[in-house]
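Each chain, letter by letter, is given below.
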Amino acid sequence: MSSRTLPLLFINLGGEMLYILDQRLRAQNIPADKAKKVMNDIITTMFNKKFLEELFKPQELYSKKALRTVFDRLAHASIMRLNQASMDKLYDLMTMAFKYQVLLCPRPKDILLVSFNHMDAIKDFVKDTPSILSQVDETYRQLIEIYTPLSSGEFQLIRQTLLIFFQDMHIRVSIFLKDKVQNSNGRFVLPTSGPVPHGTQIPGLIRIFSCTGEEVSRLQFSNGGNYTSALREGSLEMFGDRVIKLGTNMYSVSRPVETHMSGTSKNSSQHTKVNTAPNPLAKEELNLLARLMGGLEVKKPGNTESGFRVNLFATDEEEEEALISRPDELSYGVINIQATKDQQANAELAKIMGEFTEAEDQSPHASSKGDDLLAMMDGL
């Protein structure tokens, strides 16, 4: 498992979330000033300096529940509100889109190019707001400084860590189904055509060398695909042509996007069951999550701001039906964390901590469980 995976996971999922919300805000004819405020508020929160300091520290990936909690908080960082069913659909679309991109990356290192495609789009969203733009540019610099020196082996470890995280997610997405890049069971179709990865050759030739290094013969074979020569390498500079299109906005052409719960089928449900066994690292994870949440402030519309609801379904009835019919094994069970000194919030945190640490009752420090978390959050 790579300890450098979390920032890339967060930035790419965040980019997909912004693509989807931008499309839905337009589809629902939300006034331009309100739509811009939503996008600016979310991006400002995403690239909060304190938040990113915690995010970029080497650490293991969070659980699906914890990560969903962060994005639930992030999606509500402005005057926009989402019902649970719409938030479920938003998260499903985000995760399946990035899973597809990770699977189709020609080389493990190209995950960084996918990340830069998302960053380029995020930068375009806030091009008219210099203060937010500077936050995004600082994140670019951190990505370049931390990730460009990594070896191919380290990128392979990052890719493998991401694939392990996504391996039990098989939500069917209408765009992928229509483009025939996803099967009816929710699994993606890997292409056997197109350009080969940069630095490689089209398969189909075996060269045999002598012990002195001299080529003595060649054998040709059918590669079973329709491959073409590699494209030029994409730029890893702050400004440049990324070449690959993975990570660009697939919602730029207006078309409806639906999700289908492949978890309802017998075959796939056995792969999507949430592990309910006590996690010995849960306490540490919750402490890390609490530090992250300290930088994510949910804004409540004031007297001069009228909040509004965004529906990711065609109608309210469809949204209600989706909530009722969603399989239990696909429920993320969002952790409700509020980083405030409010008594009620602290009680809720204590309750959550109690649930997470039931397996630690025999620990010599069991009597103080949760105290460090609450003290930390009081200090935020």
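Residues numbered from 1 in each chain as written. Predicted model: local features only at pLDDT ≥ 70, side-chain atom pairs only at ≥ 80, totals over all residues. Heavy atoms only, no water.

K.L.:
Which residues make up the overall build of the protein, and what values go with them?
P.N.:
Secondary structure assignment for the protein yields 14 helices and eight strands. The burial tally for the protein puts 47% of its 380 residues in the buried class. Within the protein, contacts between residues at least 6 apart in sequence are counted, and of these 78% link residues at least 24 apart. Carbon and sulfur atoms form 51% of the exposed surface of the protein, whose accessible area is close to 19,100 Å². (Helix = DSSP H or I, 4+ residues; strand = E, 2+ residues; numbered from the N terminus. Buried < 20%, exposed > 50% of the residue type's maximum accessible area, 1.4 Å probe, protein only. Contact = heavy atoms within 4.5 Å. Areas by Shrake-Rupley, 256 points an atom, 1.4 Å probe, with all protein chains shown as cover.)

K.L.:
Can you explain the side chain of Thr5? Please cite residues and give values.
P.N.:
In this fold, Thr5 is placed in the segment before helix 1 (6-27). If sequence neighbours within four positions are ignored, Thr5 has contacts with Leu61, Ile158, Thr161 and Leu162.

K.L.:
Describe unusual backbone geometry, listing the residues and the values that go with them.
P.N.:
Glycine aside, negative phi is the norm for most residues, and most peptide bonds take the trans geometry. In this model, Asn29 sits at a positive phi of 55°, which is unusual for a non-glycine residue. Counting through the fold element by element, Asn29 comes out in the loop between helix 1 and helix 2 (32-46). The phi torsion at Val243 lies on the positive side, around 70°, for a residue other than glycine. Within the secondary structure, Val243 sits in the loop between strand 6 (226-228) and strand 7 (259-260).

K.L.:
Explain the pairing of strand 5 (residues 215-220) residue by residue, including any values.
P.N.:
Remark: a regular strand shows side chains that alternate across the two faces of the sheet. Summarising burial for strand 5: zero of the six residues are buried, a small minority. As defined by bridge partners, strand 4 (residues 205-209) adjoins strand 5 across five bridges and the pair is classed as antiparallel. Bridging across to strand 5, Arg207 finds its partner in Arg218. (Pairing = 2+ DSSP bridges.)

K.L.:
Outline the confidence of the model for the protein, listing residues and values.
P.N.:
When pLDDT is averaged along the protein, the result is 79; 72% of the residues meet or exceed 70. Mean pLDDT across the secondary structure elements of the protein bottoms out at helix 10 (residues 266-272), with 38, and peaks at helix 6 (residues 110-125), with 96. Every residue in residues 263-280 is under pLDDT 50, and counting partners more than four places away or in other chains gives 24 contacts. For residues 351-380, every residue scores under 50 in pLDDT, and the model assigns this stretch 45 contacts once sequence neighbours within four places are set aside. (pLDDT = per-residue confidence, 0-100.)

K.L.:
Just give me the short version of the pattern of salt bridges, but keep the residues and values in it.
P.N.:
Applying the stated criterion across every chain, the model contains 13 salt bridges. One salt bridge connects Asp22 with Arg26, and the closest N-O pair in it is separated by 3.2 Å. Of this pair, Asp22 and Arg26 are both found in helix 1, four residues apart, which corresponds to roughly one turn of the helix. Across the pair Asp120 and Arg242 runs a salt bridge, and its minimum N-O distance is 2.9 Å. Placement of the pair is Asp120 in helix 6 and Arg242 in the loop between strand 6 and strand 7, with a sequence separation of 122 residues. Overall, the relative accessible area of 2% leaves Arg242 in the buried class. A single network of salt bridges, built from pairs that share partners, joins Arg68, Asp72 and Asp88. (Salt bridge = Lys/Arg side-chain N within 4 Å of Asp/Glu carboxyl O.)

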